[in-house]
Amino acid sequence: QVHLVESGGGSVQAGGSLELSCSASDGARGSFCMGWFRQAPGKEREGVAVLDGYGRTSYGDSVKGRFTISEDKARMLVLLQMTSLGPEDTATYYCVKTARRYCTSTVATISTDYWGQGTQVTVNP
């Protein structure tokens, strides 16, 4: 079983920025897809960003232009840089990973085989 651990959540004022990190128990991302989902109270899970097995990125419509997914290969982390945060971004953010190599999934198509425990992001108005 692959274990994913998120870090970097917290509280921030509207307009501010946060960076989330995800580490996987099986090491670097390699050719797997990894990404981020979020869920706010009373809402369904929403795809945020995906980094596919070829280094290509995709984003949910609500975060395009504000969030950036990347990887720190030296630290074997997948990162989510979040800017221009608003109260609508308040949610629990989950790191996800596919079980398939050479993954070409996007936010819309990714099979989220593994999930982290989540990290809370709260944006204060």
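Refer to the preceding data block for the structure.
What counts as what
- Residues numbered from 1 in each chain as written.
- Predicted model: local features only at pLDDT ≥ 70, side-chain atom pairs only at ≥ 80, totals over all residues.
- Heavy atoms only, no water.
- 1 Å grid on protein atoms, 1.4 Å probe; cavity = no way out; pocket = protein on both sides within 12 Å on 5 of 7 lines; lining within 4 Å.
- Points joined across faces, edges and corners; volume = space filled by probe spheres on them.
- Helix = DSSP H or I, 4+ residues; strand = E, 2+ residues; numbered from the N terminus.
- Nonpolar A, V, L, I, M, F, W, Y, C, P; charged D, E, K, R; others polar.
- Disulfide = S-S within 2.5 Å.

Caption draft 1: Representation of empty space enclosed by the protein within the structure. Going through the model one piece at a time under the given rule, you end up with one cavity of 30 Å³ or more. Considering only enclosed or pocket space, the largest cavity measures out at about 50 Å³ in volume. Lining the largest cavity are Cys22, Ala24, Gly27, Ala28, Arg29, Met34, Glu71, Asp72, Lys73, Met76, Leu77 and Val78. Those elements giving two or more residues to the lining of the largest cavity turn out to be β3 (18–24), β7 (67–72) and β8 (77–82). Class assignment of the residues belonging to the lining of the largest cavity gives a composition of seven nonpolar, one polar and four charged.

Caption draft 2: Spotlight on the state of the cysteines. Across all of its chains, the model carries two disulfides by this definition. The residue that forms a disulfide with Cys33 is Cys103, at a sulfur-sulfur distance of 1.9 Å. Torsion about the S-S bond of the Cys33 and Cys103 cystine: about -95°, corresponding to left-handed handedness. Here Cys33 is found in the loop between β3 and β4 (34–39), whereas its partner Cys103 is found in the loop between β9 (91–97) and β10 (114–115), with 70 residues between them in sequence. Taking only the cysteines that form disulfides and numbering them from first to last, the protein has the pattern 1-3, 2-4.

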